[in-house]
Structures are given as structure tokens and as C-alpha cells.
Amino acid sequence: MKIRVDREACIGAGQCALVAGSIFDQDDDGLVVLLTDTPSDEYVAFARKAATLCPAKAIALEE
Amino acid sequence: MMSVEEPGLVIVGASLAGLTCAQSLRAEGYTKKITLVGAEKHLPYNRPPLSKQVLSGKWQGSQTAIDSSEKFAELALEFSLGEIAIGLDVSSREVKTDTRTLPFEDLIIATGASVRRLASTENMSRVHVLRTLDDALGLRDALTEVKSVVVVGAGVLGSEVISALSDFGTKATVIDRMPAPQLPLTGGHFASRIDDLFLEHDVRTKYGVEINSVTEQESGITFELSDGSSVTGDIAVVAIGCIPNVDWLANSGLDITNGVLCDSNGVAAAHVYAAGDVARWHNPVTDKAIRLENQTSAIEQGLAVGKFIVTRESSPTTHPFFWSEIYGNKILMLGSLQAGIPLTIVHGSPSDNRFVAATISNGITTGIVGWNMPREFRQSRSMMEA
Ligand SMILES: Cc1cc2nc3c(=O)[nH]c(=O)nc-3n(C[C@H](O)[C@H](O)[C@H](O)COP(=O)(O)OP(=O)(O)OC[C@H]3O[C@@H](n4cnc5c(N)ncnc54)[C@H](O)[C@@H]3O)c2cc1C
Ligand code: SF4
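The rules behind these values
- Residues numbered from 1 in each chain as written.
- Chains lettered and ligands numbered in written order.
- Predicted model: local features only at pLDDT ≥ 70, side-chain atom pairs only at ≥ 80, totals over all residues.
- Heavy atoms only, no water.
- 1 Å grid on protein atoms, 1.4 Å probe; cavity = no way out; pocket = protein on both sides within 12 Å on 5 of 7 lines; lining within 4 Å.
- Points joined across faces, edges and corners; volume = space filled by probe spheres on them.
- Nonpolar A, V, L, I, M, F, W, Y, C, P; charged D, E, K, R; others polar.
- Buried < 20%, exposed > 50% of the residue type's maximum accessible area, 1.4 Å probe, protein only.
- Helix = DSSP H or I, 4+ residues; strand = E, 2+ residues; numbered from the N terminus.
- Pairing = 2+ DSSP bridges.
- Contact = heavy atoms within 4.5 Å.
- Polar contact = N/O pair within 3.5 Å; in protein donor to acceptor, adjacent residues only side chain to side chain.
- Axes fitted to C-alpha atoms, helices over the stretch in contact; angles between N-to-C directions.
- Parallel < 35°, antiparallel > 145°, perpendicular 65-115°, else oblique.
- Core = buried A, V, L, I, M, F, W, Y, C linked by side-chain atoms within 4.5 Å.
- Phe/Tyr/Trp six-rings, centres within 6.5 Å; stacked < 30°, edge-to-face > 60°.
- Lys NZ or Arg CZ within 6 Å of the ring centre and 35° of its normal.
- Buried area = accessible area lost by both parts, 1.4 Å probe.
- Salt bridge = Lys/Arg side-chain N within 4 Å of Asp/Glu carboxyl O.
- Near = heavy atom within 4 Å.
- Areas by Shrake-Rupley, 256 points an atom, 1.4 Å probe, with all protein chains shown as cover.

**Describing empty space enclosed by the protein**
Unoccupied space between atoms shows up once a probe the size of one water molecule is rolled over them.
Residues and elements named next belong to chain A.
Next up, step 1: Considering all chains together, one arrives at one cavity of 30 Å³ or more under this definition.
Next up, step 2: Looking at the largest cavity, its volume works out to about 120 Å³.
Next up, step 3: Around the largest cavity, the lining comprises 16 residues; the ones closest to its centre are C10, A13, G14, C16 and C54.
Next up, step 4: For the lining of the largest cavity, the per-class residue count stands at eleven nonpolar, five polar and no charged.

Laid out in C-alpha cells, this is it:
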């Protein structure tokens, strides 16, 4: 799985970092930063959860 | 994996709440047919950018799409777009639409909300509203040709529209019957900050007035106000709130007073659920049923309903969350600020235009707001759990 984030859409809500802190972080402006764009298998479910929860729909997953 | 004869699950309303329910059902292992019936012709899209990136011209309309049709096909979701539900029979488990009768095993009502119209302006071509992608594209086109706009409603949507107008160099006037601008869930704490932003950007403000009459002329539109003054613009944008789309449920027997009444799992009746802007969920903590109109509530309710249908497990109640961007200021709000008690500044400082603030009552944090401080806002969220 590959993760893409749209920093122009991101509103810095931080939901992603709350549910999947090993994949997503926020920079000083609060915008999402990817720690890895290819999560290992045990983290895929967390990435999916973050994408669903992101209120700005700024996280896309490519299987 | 699924047979054609099975009615499966029907979701009415193919937007954020409906789609999230469908994603959640599949993630929980639901294998039967899922049909999404949606009045709009578009696949699910995101509304928040409509008043932000789309209105300002930064984004094309297509950039608001939530996911691709290929993604939806992978989840085996059947979309029936441009189809309008007109009735529900709870006992025979059937939805009536403008084209057919659709049986269901389980139904999710996710019909959202529509804008409240200003009386007597429904058919005026110079009066715009903003709820759908088509509304946003129409308004954006109109804005390129006008010099002055009257915005009715100084709530969060009206404030976002006014701030977008400054990108066009358009003269704005705002009218509201309340004495000050209002952001949801902020207990009035941000009224003067928003008002200061309006003043800084030469917005003319008319607060605490009623609209006596509206007339459309060949060259513009005029509002006669209760203080004896009048306001004229090339066009008007009416942003006076939303009403839940429950008309089609009038004869269903469901309680549809200000939204579909649900228990804390989203159950409205046996085999009937509701989620998103149309739903009024019971909150077990406050013992009140309230309707919320924001992305996060639509997503969390969608996730909860999907999980409950498959596993019969409840999801924890969460705090409402919303965000806004007004003149470039990024505002994040969790829970609700209490009116009448002072703000506690947790990070930064209001005079620097960057801060996190909370209202704390009897040791309990009722809400926190981040103003241009998203990272610190996230770090402060734990205050709400204490
Ligand atoms: C301009 C704008 C800006 C916003 N900004 C923010 C923001 O910054 N942050 C935030 O948290 N929230 C924001 N919101 C609110 C957020 O968009 C809503 O809370 C969210 O869209 C709710 O999703 P929903 O699926 O419940 O309802 P909706 O998105 O309203 O979708 C309901 C769908 O059901 C369809 N429908 C209705 N009746 C029928 C019927 N009888 N038959 C078939 N289909 C039907 C409708 O056509 C619609 O497509 C904004 C909303 C708007 C309009
Ligand atoms: S959840 Fe979405 S909006 Fe929030 S920080 Fe992450 S990517 Fe950005």
C-alpha cells in the first residue's frame, strides 16, 4: 500500500497523527507530514483508519 | 459473494455520512449488497473546500471528489445518482423513490441538510446560496463579474464567504439579526475577533437588524432593514443555516423533529439507522439528543453505524469538532466553549494572533480552540479527556 497526502487540503486537525502516530506527524504549521509512505502490513489498518477519519479527506491510499 | 435477490442494505444520501457508513460496513466485513441512492448527480465530494479553496478559485470543482469510482467499485458499492427518495415504509421495509420501490434489509438515512432560504427570495437570480458543488461553481462565476456583494448571515459560512470575497477585491456588506458574528460551539468568545477582521477588511456590518423586504432590480438587489436603512449590492449570498432533509420521511412514523431522532448507536427504528447532518443522536453523557453539522460527526457516526450493524458493538461518544479558515486564520474547535466564563489561554497569546484557549468549568474542560496553532491544539486535546 502507498499513502499520498494532500497538504493543500490538510487542515491540521491531527486525527491522522492521533490514530497512526507512526505514519503521520504534523509540521509546525500543523500540516500533515508522512513519516513513511509505505506502511508495513501491521500498520495498514491504521493508515486506512486515518484516511477515513481525516475530516478534510486529505489522505489517499493506493492498494 | 452476494445474490441479486437479497435486498441488502440501502443508504439514502450519497455524501460523506452515507459513504463513510458504506466504507465502515465493508471494513467490518459486511458482504451483502450496498446501494447508495443520491439526489445529486455527483459521486461523494467534500463540502468544506466549497467555501474555501473552490470559491477562491484555488481548486477545480473536481478536486473535491472524496474517492474515485474505481475505489467504490473495489468496495462493491452501487451508486444510483440523480434518484430521489420520496417515502419510507418502515414495516414493509421499502423506500419509495421518484423511479422505483426499493426493498431493504437495513436502511441508513444520510440525507444531510439543505440551506434555509430567505423568504421571498427563492426565485431571485441575484440571490445565491452555498451547499452543493453546483452552488459553489455558480457563485464563483458570478463573483468574477460583480463589484459588491451582500452576505446575509454572519455565521461560520457567511464569514468564510466574506473572507473569500477579499481575494476578488469585492466590496462586502454583512447583515445579521444577531448583535455580532457567531461561530458554532464557541459560546460567543470569538465574536469580536471576527468582527475586528471584518473591520480591518472594510466590510460594512449591519448587526441586530431584521430584513423588512428584498427587491431585485435590473442592476442589483436591495435589502430594506428594520433600522430604516437599506443595503444594496450586485448580488447577495444567503447563509442563514441549514434544515435537515426529512420531508421524504413525513409519513414514516419516525420522529423527525429537527432531524431523525436516534439512540446513541444511530438506531431510529428496527432496521433503520441515521447518520450525519440529518441525524439527531442521543448523547448518553449529556442525556440530550442533538443534531450536529460537521464533517467529523458525519464521519464518526458513519463509522459507528457500520460497526454496529455488523458487530452490534457501540462506539464511544466523541466531542464535536469543527474547523474554519477566515482571512487565512486557521481555527480548530473541539467540544464547546462555555459562554460567560473567561477563556483560559493554554498556549501562545491572543495578541500574537496564535493561541490555544479553553473554557474550564468546575475543573472540567468543556472545549478547546486553536487559533493558528494546530500542533499545540492537537497536544491540548488530552485536556478534554481528563
Ligand atoms: C460550504 C460548506 C462548508 C463547510 N465547511 C465545513 C468545515 O469547514 N468543517 C466542517 O466540519 N464541516 C463543514 N461543512 C459541513 C459538512 O460539509 C457537513 O457536515 C457534511 O457534508 C455532512 O455530511 P452528510 O453526508 O451528513 O450530509 P450532506 O453532505 O448534506 O449530504 C446529503 C446528501 O443526501 C442527498 N439527499 C438529500 N435528500 C435526498 C433524498 N430524498 N433522496 C436522495 N438523496 C437525498 C443530498 O443531495 C446530499 O447529496 C460545510 C458545509 C458546507 C455546505
Ligand atoms: S487528519 Fe487530515 S486534515 Fe488532519 S492533519 Fe491529518 S491529513 Fe491533515
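**Quick word on the pairing of strand β4 (residues 59-62) of chain A**
All names here are of chain A.
Next up, step 1: Of the two faces of β4, only the one carrying I59 and L61 is buried; A60 and E62 on the other face are not.
Next up, step 2: Bridge count between strand β1 (residues 2-5) and β4: four bridges; the pairing is antiparallel. Directly across from K2, in β4, lies its bridge partner E62.

**With respect to the environment of R291(B)**
Residues and elements named next belong to chain B.
Next up, step 1: Inspection of the secondary structure puts R291 in strand β22 (residues 288-291).
Next up, step 2: On the basis of relative accessibility, which here comes to 16%, the residue R291 falls in the buried class.
Next up, step 3: For the pair R291 and R280, spaced eleven residues apart in sequence, the C-alpha to C-alpha distance is 4.2 Å.
Next up, step 4: With sequence-adjacent residues up to four places away left out, R291 is seen in contact with A113, C242, P244, N258, G259, D277, V278, A279 and R280.
Next up, step 5: Of note is the side chain of R291, whose polar atom sits 2.7 Å from the backbone oxygen of D277.

**A few points about the packing of helix α2 (residues 44-53) of chain A against helix α6 (residues 295-311) of chain B**
Next up, step 1: Here α2(A) crosses α6(B) at 130 degrees, and the two axes come no closer than 9 Å. Relative to α6(B), the element α2(A) lies oblique. In this structure, α2(A) contributes K49(A), T52(A) and L53(A) to the contact, and α6(B) contributes I299(B), E300(B) and L303(B).
Next up, step 2: Partitioning the contact of α2(A) with α6(B) into residue classes produces three nonpolar, one polar and two charged.

**Topic: the sheet that holds strand β14 (residues 221-225) of chain B**
Residue and element names in this part refer to chain B.
Next up, step 1: As summarised here, the arrangement of the three strands in space is β13-β14-β15, forming an open sheet in which the pairing is antiparallel. At either margin of the open sheet sits one strand with a lone partner, and together these are β13 (211-216) and β15 (230-233). When strand polarity is set aside, the average angle formed by the axes of neighbouring strands in this sheet is 15 degrees.
Next up, step 2: Relative to β14, β13 is paired through five bridges, and the arrangement is antiparallel. When the bridges of β14 are listed, S213 appears paired with E224.

**Some points on the side chain of T170(B)**
All names here are of chain B.
Next up, step 1: Relative to the elements of secondary structure, T170 occurs in the loop between α4 (156-168) and β11 (171-176).
Next up, step 2: Look at T170 and you get buried, because its relative accessible area is 10%.
Next up, step 3: Those residues within four positions of T170 in sequence are excluded, and the remaining contacts are V146, K147, S148, V149 and L165.

**Structural notes on the nonpolar core**
Next up, step 1: Within the largest apolar cluster, 69 residues are counted, with the highest numbers of intra-cluster contacts made by F24(A), I59(A), L143(B), V149(B), I162(B), F198(B) and F321(B).
Next up, step 2: No other element matches the five residues that helix α3 (residues 133-143) of chain B contributes to this core.
Next up, step 3: Apart from residues lying up to four places away in sequence, V149(B) is in contact with L143(B), L165(B), T170(B), K171(B), A172(B), T173(B), I235(B) and V237(B).

**Looking at the side chain of Q301(B)**
All names here are of chain B.
Next up, step 1: Its location among the elements puts Q301 in helix α6.
Next up, step 2: For Q301, a relative accessible area of 8% translates into the label buried.
Next up, step 3: Setting aside anything within four residues of it in sequence, one finds Q301 in contact with A275, G276, A279 and W281.

**Observations regarding the packing of aromatic side chains**
Residue and element names in this part refer to chain B.
Next up, step 1: Taken as a whole and assessed by the stated rule, the structure comprises eight aromatic pairs over all chains.
Next up, step 2: With centroids separated by 5.0 Å and ring planes inclined at 55 degrees, the aromatic side chains of F72 and F79 adopt a geometry described as tilted.
Next up, step 3: Residue classification places F79 among the partly exposed positions, given a relative accessible area of 22%.
Next up, step 4: Considering the side-chain rings of F190 and F355, the 6.2 Å spacing of their centres and the 5 degrees angle between planes classify their relative orientation as stacked. Of this pair, F190 sits in the loop between β11 and α5 (191-200) while F355 sits in strand β26 (residues 354-361); the two residues are 165 residues apart in sequence, bridging distant segments of the chain.
Next up, step 5: Aromatic rings pair up to connect F190, F355 and W371 into one cluster.
Next up, step 6: Stacked on the ring of W371, the Lys or Arg R193 has its end atom at 5.0 Å from the ring centre.

**As for the interface of chain A and chain B**
Next up, step 1: Chain A puts 26 residues into the contact, and the matching count from chain B is 21 residues.
Next up, step 2: For the pair chain A and chain B, the two sides together bury roughly 2,000 Å², of which 54% comes from carbon and sulfur.
Next up, step 3: For the chain A face of the interface with chain B, the top three residues by lost area are I11(A), P55(A) and K57(A), together amounting to 26%.
Next up, step 4: Summed over the shared surface of chain A and chain B, the result is two salt bridges.
Next up, step 5: Here R378(B) and D25(A) are joined by a salt bridge, their closest N and O atoms 3.5 Å apart.
Next up, step 6: Connecting chain A to chain B are eleven residue pairs in polar contact (both at pLDDT 80 or more).
Next up, step 7: Grouping the amino acids of the side of chain A that touches chain B by side-chain chemistry returns ten nonpolar, six polar and ten charged.

**Things to note about the site of ligand 1**
All names here are of chain B.
Next up, step 1: Around ligand 1, the structure places 32 residues, and the nearest of them are S15, E40, R47, K52 and R131.
Next up, step 2: The side chain of S15 places a nitrogen or oxygen atom 2.7 Å from an oxygen atom of ligand 1.
Next up, step 3: With respect to ligand 1, the backbone of A113 contributes an N or O atom lying 3.4 Å from an oxygen atom.
Next up, step 4: Summarising the interface, the protein chains cover 92% of the accessible area of ligand 1, which totals 1,000 Å² for the free molecule.
Next up, step 5: Of the residues belonging to the shell around ligand 1, the class tally is 15 nonpolar, ten polar and seven charged.

**Describing the sheet that holds strand β18 (residues 260-262) of chain B**
Residues and elements named next belong to chain B.
Next up, step 1: In spatial order, the strands read β18-β21-β22; together these three strands make up an open sheet with mixed pairing. Looking at which strands have only one partner, the edges of the open sheet turn out to be β18 and β22. Between one strand axis and the next, the sheet turns by 30 degrees as a mean value, whatever way the strands run.
Next up, step 2: Here three bridges tie β18 to strand β21 (residues 279-283), and the two strands are oriented parallel to one another. Directly across from C262, in β21, lies its bridge partner W281.

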